[in-house]
Amino acid sequence: MSRTCVFFHAHPDDEALFTGGTMARLSCEGHRVVLVVATAGGNGLSATRPGSENLDQVRLRELAASAKALGCARVEVLGYADSGLDGTAVPGPGQVAFCRSDVDEAAHRLADRLRTERADLLTVYDPAGGYGHPDHVHVHRVGVRAAELACTPTVLEATVDRELLLRALRLVGRVYRFPPGFDVERFAHLFASRTEITHRIDVRRYAAAKRASLAAHASQATGGDSIRTLAALRRLPGPLFRLVLGTEWYVRRDVASGSAFTHPLDQVPTQSAAPPGLSAR
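Residues numbered from 1 in each chain as written. Predicted model: local features only at pLDDT ≥ 70, side-chain atom pairs only at ≥ 80, totals over all residues. Heavy atoms only, no water.

## Comments concerning the overall build of the protein
- Helix and strand counts for the protein stand at nine helices and seven strands.
- Taking all 281 residues of the protein together, 51% fall into the buried category.
- Counting contacts in the protein only where the partners sit at least 6 residues apart, residues at least 24 apart contribute 79% of the total.
- On the protein, roughly 12700 Å² of surface is accessible, and the fraction owed to carbon and sulfur atoms is 55%. (Helix = DSSP H or I, 4+ residues; strand = E, 2+ residues; numbered from the N terminus. Buried < 20%, exposed > 50% of the residue type's maximum accessible area, 1.4 Å probe, protein only. Contact = heavy atoms within 4.5 Å. Areas by Shrake-Rupley, 256 points an atom, 1.4 Å probe, with all protein chains shown as cover.)

What follows is the structure, encoded as structure tokens:
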């Protein structure tokens, strides 16, 4: 039975990094995948801006290409301003920085999409917002509230296995000098512990789609004072790419911690099918 799965993210490229394999898997299995982003990511780091386009325009174009690679049926942008890495970016005229938006107001916007789609599943981030970006933290607050408003039956929190990440970073630190100010131990308080994680999704078969999704966000491979995460991941050879990015992790709060689900739709109640006539846009 086909289900409708809505993936809620803060900025373009977040979908590729955290949930791209899951999205591609669900789409290939015949489910309806809808991507909603809160902002256009206009305050992301970038050293390239083709022609006269501003960064918002560039990133929305990249988002459309990424969504196509992942098999999304629909893409929506809620229209908030990117809050910047520390949440202090000043929005343009008439805009509201997402991390400072009213939770209920933003949740109603998202809930409207959930109702229209009759979503069976919504993904957000863990309460820490993954690595702590203010917009990611707000995605958790807004998404959880929106699911309540729309009566969406299941919410999954996209995250990373904290212990596995720390082990990998410590190993890398033995052969690679991290940039000044980079503290591996700060990750001890971010993402989710292994005991919290309920879903470990094998997405190795969808590595090509995930790589294409990452590649679509070319603007985010440049800028800043160090190698960008997206650029580094794109350079990985195929076997290593599948090893490093072949699992995606989630937490579901209404089941026992440490559950061992292997599919995002395991034990998800059935909703009515999505209304006909909705096309990708």
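## A look at the layout of surface pockets
- Size it by volume and the second largest pocket reaches roughly 150 Å³.
- Lining the second largest pocket are 15 residues, with Gly42, Asp56, Ala81, Asp82 and Gln95 sitting closest to its centre.
- Here the lining of the second largest pocket takes three residues from strand S3 (residues 74–80), the largest share from any one element. (1 Å grid on protein atoms, 1.4 Å probe; cavity = no way out; pocket = protein on both sides within 12 Å on 5 of 7 lines; lining within 4 Å. Points joined across faces, edges and corners; volume = space filled by probe spheres on them.)

## Looking at the sheet that holds strand S2 (residues 32–39)
- Across the sheet, which stays open at both edges, the seven strands sit in the order S3-S2-S1-S4-S5-S7-S6 with mixed pairing between neighbours. Bordering the open sheet on either side are S3 and strand S6 (199–202), each of which pairs with just one other strand. Here the average twist between neighbouring strands, direction ignored, is 25 degrees.
- Inspection of the sheet shows strand S1 (residues 4–9) paired to strand S4 (residues 121–125) by three bridges, in the parallel sense. (Pairing = 2+ DSSP bridges. Axes fitted to C-alpha atoms, helices over the stretch in contact; angles between N-to-C directions.)

## Points about the nonpolar core
- Of all hydrophobic cores here, the largest spans 58 residues; its most connected members are Phe7, Phe8, Leu35, Phe98, Leu110, Leu114 and Leu122.
- Ignoring anything within four residues of it in the chain, the contact list for Phe98 reads Phe8, Ala38, Thr39, Tyr80, Ala81, Ser83, Ala106, Asp135, His138, Val139 and Val142. (Core = buried A, V, L, I, M, F, W, Y, C linked by side-chain atoms within 4.5 Å.)

## Here we look at the pairing of S4
- Burial analysis of S4 places five of its five residues in the buried class, the great majority of the element.
- Relative to strand S5 (residues 154–159), S4 runs parallel, the two sharing five bridges. For Tyr125, the partnering residue across the bridge sits in S5 and is Ala158.

## Focus on a nonpolar patch on the surface
- Together, Leu240, Leu243 and Val244 give the surface a local cluster of nonpolar side chains, amounting to about 280 Å² of exposed area.
- Relative to the elements of secondary structure, Leu243 occurs in helix H9 (residues 238–245). (Patch = residues over 30% accessible without salt bridge, like charges linked within 9 Å, V, L, I, M, F, W, Y side chains within 5 Å. Salt bridge = Lys/Arg side-chain N within 4 Å of Asp/Glu carboxyl O.)

## Structural notes on the pattern of salt bridges
- Under the criterion given, the structure shown has 16 salt bridges.
- A salt bridge links Arg25 to Glu29, with the nearest nitrogen and oxygen atoms 3.1 Å apart.
- Taking relative accessible area as the criterion, Arg25 reaches 15% and is therefore assigned buried.
- Beyond isolated ion pairs, a larger network of salt bridges with shared partners links Arg32, Arg74, Glu76, Arg113 and Glu117.

## Quick word on unusual backbone geometry
- One non-glycine residue with positive phi stands out, namely Phe191, at about 55 degrees.
- Its location among the elements puts Phe191 in the loop between helix H6 (162–173) and S6.
- Residue Phe191 is classed as buried on the basis of its relative accessible area of 9%.
- The backbone of Gln267 shows a phi angle near 55 degrees, a positive value even though the residue is not glycine.
- Within the secondary structure, Gln267 is located in the segment after strand S7 (247–251).
- Since its relative accessible area comes to 60%, Gln267 is described here as exposed.

## Considering helix H1 (residues 14–28)
- Its 15 residues give H1 an end-to-end C-alpha distance of 20 Å, which sits within 8% of 21 Å, the value for a rise of 1.5 Å per residue.
- Most pronounced at Gly20, the bend in H1 amounts to some 75 degrees.
- With twelve of its 15 residues buried, H1 lies for the most part within the structure.
- Those residues of H1 that sit buried are Asp14, Glu15, Ala16, Phe18, Thr19, Gly20, Gly21, Thr22, Met23, Ala24, Arg25 and Leu26.
- Looking one or two residues past H1, Gly30 carries a phi angle of roughly 95 degrees, positive in sign. (Expected span 1.5 Å × (residues − 1). Bend = angle between axes of the 7 residues up to and from the residue.)

## Structural notes on helix H5 (residues 134–150)
- For H5, built from 17 residues, the straight-helix expectation of 24 Å at 1.5 Å per residue is met to within 8% by its first-to-last C-alpha distance of 24 Å.
- With twelve of 17 residues buried, H5 is to be regarded as a mostly interior element.
- Of all the positions in H5, only Pro134, Asp135, His136, Val137, His138, Val139, His140, Val142, Gly143, Ala146, Ala147 and Ala150 are classed as buried.
- Looking one or two residues beyond H5, the residue adopting positive phi is Cys151, at roughly 60 degrees.

## Thoughts on the side chain of Glu15
- Assignment of secondary structure puts Glu15 in helix H1.
- Polar contacts involving the side chain of Glu15 include one to the side chain of His217, which spans 2.6 Å.
- Setting aside chain neighbours within four positions, we find Glu15 in contact with His9, Gly20, Met23, Leu35, Leu63, Ser66, Leu70, Ser213 and His217. (Polar contact = N/O pair within 3.5 Å; in protein donor to acceptor, adjacent residues only side chain to side chain.)

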